Amino acid sequence: KEKGTLDDLKIESQSKRVAPSVQLFPNPVTDDVAIQVDPKSYNQYILRNSNGTEITRQSIQYGSEILNLSKYPPAVYYMTFVGDDHERTERIVKIE
């Protein structure tokens, strides 16, 4: 049997579950950003700056939340939504 034949190949596939959707608006944002998620899918969010430093962490109790970003400087921020078996990160652009 020659090396490099189809018999030598191993094909592996992973089933990746798609994380439930998140809506952030407006984006870009000046002050308040509205967050809409399924509260059964996510139980908290973490806001990080572009260096990855955690700025705030909040529990999600309802499907709609308002996050006030007025005290933060204009920049790109990342919001990670955390569920029991998945997470999703969204980008937020803060402008003046």
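Residues numbered from 1 in each chain as written. Predicted model: local features only at pLDDT ≥ 70, side-chain atom pairs only at ≥ 80, totals over all residues. Heavy atoms only, no water.

Caption draft 1: Examining unusual backbone geometry more closely. Put simply, phenylalanine 25 and proline 26 share a cis peptide bond, and its omega is -5°. With respect to the element layout, proline 26 can be found in the loop between strand 1 (22–25) and strand 2 (32–37). Residue proline 28 is bonded to the preceding asparagine 27 through a cis peptide linkage, with omega at 15°. Counting through the fold element by element, proline 28 comes out in the loop between strand 1 and strand 2. (Helix = DSSP H or I, 4+ residues; strand = E, 2+ residues; numbered from the N terminus.)

Caption draft 2: Representation of the sheet that holds strand 3 (residues 44–48) within the structure. If you walk across this open sheet you meet the four strands as 4-3-6-7, and the pairing is antiparallel. One side of each edge strand has no neighbouring strand; the edge strands of this open sheet are strand 4 (54–59) and strand 7 (87–94). Recorded for the sheet is a direction-independent mean angle of 20° between the axes of neighbouring strands. Of the pairings in the sheet, the one linking strand 6 (residues 75–82) to strand 7 comprises eight bridges and is antiparallel in character. Residue pairing across strands places tyrosine 78 opposite arginine 91, the latter belonging to strand 7. (Pairing = 2+ DSSP bridges. Axes fitted to C-alpha atoms, helices over the stretch in contact; angles between N-to-C directions.)

Caption draft 3: A look at the environment of glutamine 23. Tracing the backbone through its elements, the reader meets glutamine 23 in strand 1. Glutamine 23 sits 41 residues away from serine 64 along the chain, and the two C-alpha atoms are 9.5 Å apart. Beyond its immediate chain neighbours, meaning those up to four positions away, glutamine 23 contacts Ala34, Ile35 and Gln36. (Contact = heavy atoms within 4.5 Å.)

Caption draft 4: Structural context of the side chain of lysine 94. Within the secondary structure, lysine 94 sits in strand 7. At 5.3 Å, aspartate 31 is the nearest oppositely charged side chain to lysine 94, a buried residue that forms no salt bridge. Polar side-chain contacts of lysine 94 include one of 3.1 Å to the backbone oxygen of tyrosine 72. With sequence-adjacent residues up to four places away left out, lysine 94 is seen in contact with Val29, Thr30, Leu69, Ser70, Tyr72, Pro73, Pro74, Ala75 and Tyr77. (Buried < 20%, exposed > 50% of the residue type's maximum accessible area, 1.4 Å probe, protein only. Lys, Arg positive; Asp, Glu negative; His and termini not counted. Salt bridge = Lys/Arg side-chain N within 4 Å of Asp/Glu carboxyl O. Polar contact = N/O pair within 3.5 Å; in protein donor to acceptor, adjacent residues only side chain to side chain.)

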